[in-house]
Amino acid sequence: MLIVKTLWSVWSRTCPARYRLLASTIEKKPTHFRGFFHLLGKDASDKMEWNPFVMQLGYNSLKCMRKRCFIVSSLNLAKTKDRGKDKKKQTKVEVNLNELSEVINTEKLLTQFEHTVNNLKDNYSKNLTLRSSVGSIEQIPIPWESKEYQLQELSQVARKPKTLIIDVSAFPQVIPNIIQALAKSGMNLNPQQDGTTLFVPIPKITKEHRENLAKNAKAMFIGCRKSIRDIQLDCIKSVKNKKHISEDLQRSIQNQVQALADKFINEAEAILKMKQKELSGDLD
């Protein structure tokens, strides 16, 4: 390291733009370069042949420059890695429900988070199954006249070996809504209409079908995560609007609310991974 620093110190004073003056510079002040000559294995005497030495000096200095660049790059890389580690090391936030309750409605917040995760579970069990059961299809929501109804409230569903038969004779005007809801259910359903009756072939369990279900599971999780973040942001906004609490307390409440949101998102992600294993056939 000492050699590299010394060589660079000399070379920095004699940059390439003044390379032609290097020999005369050394010749005028040989004592200033005595330590440098010693490091190169040269003798700083007046009898030294300058031209060959200058060529060697240039070669050694260029090598020195490469070494220095490598050392500096290595140091910068190490610093960058350290910065990355520092970012990953996040301080764990301790959630104090008693402190939270003094500022926000903790029970309401937790209920909203839990309701969002439970909705994800229900959607997985109802809409993402390898075999389309009559029960899961009967509970598909059908929008009609600004309200939502379950399919079983508007029709009768029966199952034959390879087909589901949906009788909509009681509410024939809602048939287009039912067809659209079945197609978007994520169950790979393709209803065929015959009058007031819908025939739905039960899809085979293929690799493509499994992949589509897994994609739908991911999309549902993303929706769940967004809902949790929206709840978190609404809560934080309400805290910021309370002027009677200190900035430190506001910051503490915000961090704790985020920690709770992260906890429920991690729970939802664990449900997603379990569902994807089930759909891919990896679950024992």
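Everything here concerns the structure above.
Residues numbered from 1 in each chain as written. Predicted model: local features only at pLDDT ≥ 70, side-chain atom pairs only at ≥ 80, totals over all residues. Heavy atoms only, no water.

Here we look at the overall build of the protein
Along the protein, the regular secondary structure elements total 11 helices and 6 strands. For the protein, the residues scored as buried account for 32% of the 284 residues in total. Counted over contacts in the protein with a minimum sequence separation of 6, partners at least 24 positions apart contribute 65%. (Helix = DSSP H or I, 4+ residues; strand = E, 2+ residues; numbered from the N terminus. Buried < 20%, exposed > 50% of the residue type's maximum accessible area, 1.4 Å probe, protein only. Contact = heavy atoms within 4.5 Å.)

A closer look at helix 11 (residues 247–280)
Between its first and last C-alpha atoms helix 11 spans 49 Å; for 34 residues at 1.5 Å apiece the expected length is 50 Å, and the two agree. The first or second residue beyond helix 11 is Gly281, which carries a positive phi of 85°. (Expected span 1.5 Å × (residues − 1).)

With respect to the nonpolar core
Most often, soluble globular proteins have nonpolar side chains that are buried together. With 29 residues, the main nonpolar core has Ile104, Leu109, Phe113, Tyr124, Ile228 and Val257 as its most contacted residues. Elements with a contribution of two residues or more to this core: helix 6 (106–127), helix 10 (207–240) and helix 11. With 10 residues, the top contributor of residues to this core is helix 11. Beyond its immediate sequence surroundings of up to four residues, Leu109 is in contact with Ile104, Ile231, Cys235, Val257 and Leu260. The next biggest cluster of nonpolar side chains, apart from the first, holds 19 residues, and it includes Ile137, Leu151, Val168 and Met187. (Core = buried A, V, L, I, M, F, W, Y, C linked by side-chain atoms within 4.5 Å.)

A closer look at the pairing of strand 6 (residues 197–201)
As paired strands, strand 4 (residues 163–167) and strand 6 are joined by 5 bridges and run antiparallel to one another. Across the sheet, the residue bridging to Asp167 is Thr197, located in strand 6. Bridge analysis of strand 5 (residues 192–194) against strand 6 gives 3 bridges, and the strand direction is antiparallel. The residue bridging Gln192 from the neighbouring strand is Phe199, located in strand 6. (Pairing = 2+ DSSP bridges.)

Considering helix 9 (residues 175–183)
Taken residue by residue, helix 9 has Ile175, Ile178, Ala181 and Leu182 as its buried positions. Taken down its axis, helix 9 places every buried residue within 125° of arc, on the same side. For helix 9, the exposed residues lying more than 90 degrees away from the buried face are Pro176 and Ala183. (Arc of directions from axis to C-beta.)

Quick notes on the packing of aromatic side chains
Scanning the model with the defined rule gives 3 aromatic pairs in all. Considering the side-chain rings of Trp144 and Phe171, the 5.7 Å spacing of their centres and the 70° angle between planes classify their relative orientation as edge-to-face. Separated by 27 residues along the polypeptide, Trp144 in strand 1 (residues 141–144) and Phe171 in the loop between strand 4 and helix 9 bring together distant segments of the chain. Residue classification places Phe171 among the partly exposed residues on the basis of a relative accessible area of 29%. The cationic tip of Lys263 hangs over the ring face of Phe264; the distance from NZ or CZ to the ring centre is 4.5 Å. (Phe/Tyr/Trp six-rings, centres within 6.5 Å; stacked < 30°, edge-to-face > 60°. Lys NZ or Arg CZ within 6 Å of the ring centre and 35° of its normal.)

A closer look at the side chain of Thr116
Note on placement: Thr116 falls in helix 6. Here Thr116 falls in the buried class, since its relative accessible area comes to 13%. At 2.8 Å, the side chain of Thr116 and the backbone oxygen of Gln112 are in polar contact. (Polar contact = N/O pair within 3.5 Å; in protein donor to acceptor, adjacent residues only side chain to side chain.)

Considering the pairing of strand 3 (residues 156–160)
Relative to strand 4, strand 3 is paired through 5 bridges, and the arrangement is antiparallel. Within strand 4, the residue paired with Val157 across the bridge is Ile166. Between the antiparallel neighbours strand 3 and strand 4 lie 2 residues.

Comments concerning the environment of Phe221
Following the sequence through the fold, Phe221 ends up in helix 10. A relative accessible area of 3% means that Phe221 is categorised as buried. In contact with Phe221, other than residues within four places in its own chain, are Leu120, Tyr124, Ile265, Ala268, Glu269 and Leu272.

A short note on unusual backbone geometry
The backbone of Glu145 sits at a positive phi, close to 50°, despite the residue not being glycine. Note on placement: Glu145 falls in the loop between strand 1 and strand 2 (147–150). In this structure, Ser146 is a non-glycine residue whose phi angle is positive, near 65°. Mapped onto the elements of the fold, Ser146 is located in the loop between strand 1 and strand 2.

Structural notes on the packing of helix 10 against helix 11
Their axes nearest at 10 Å, the elements helix 10 and helix 11 cross at an angle of 170°. Taken as axis vectors, helix 10 and helix 11 run roughly antiparallel relative to one another. Looking at the contact of helix 10 with helix 11 residue by residue, the classes come out as 17 nonpolar, 6 polar and 8 charged. (Axes fitted to C-alpha atoms, helices over the stretch in contact; angles between N-to-C directions. Parallel < 35°, antiparallel > 145°, perpendicular 65-115°, else oblique. Nonpolar A, V, L, I, M, F, W, Y, C, P; charged D, E, K, R; others polar.)

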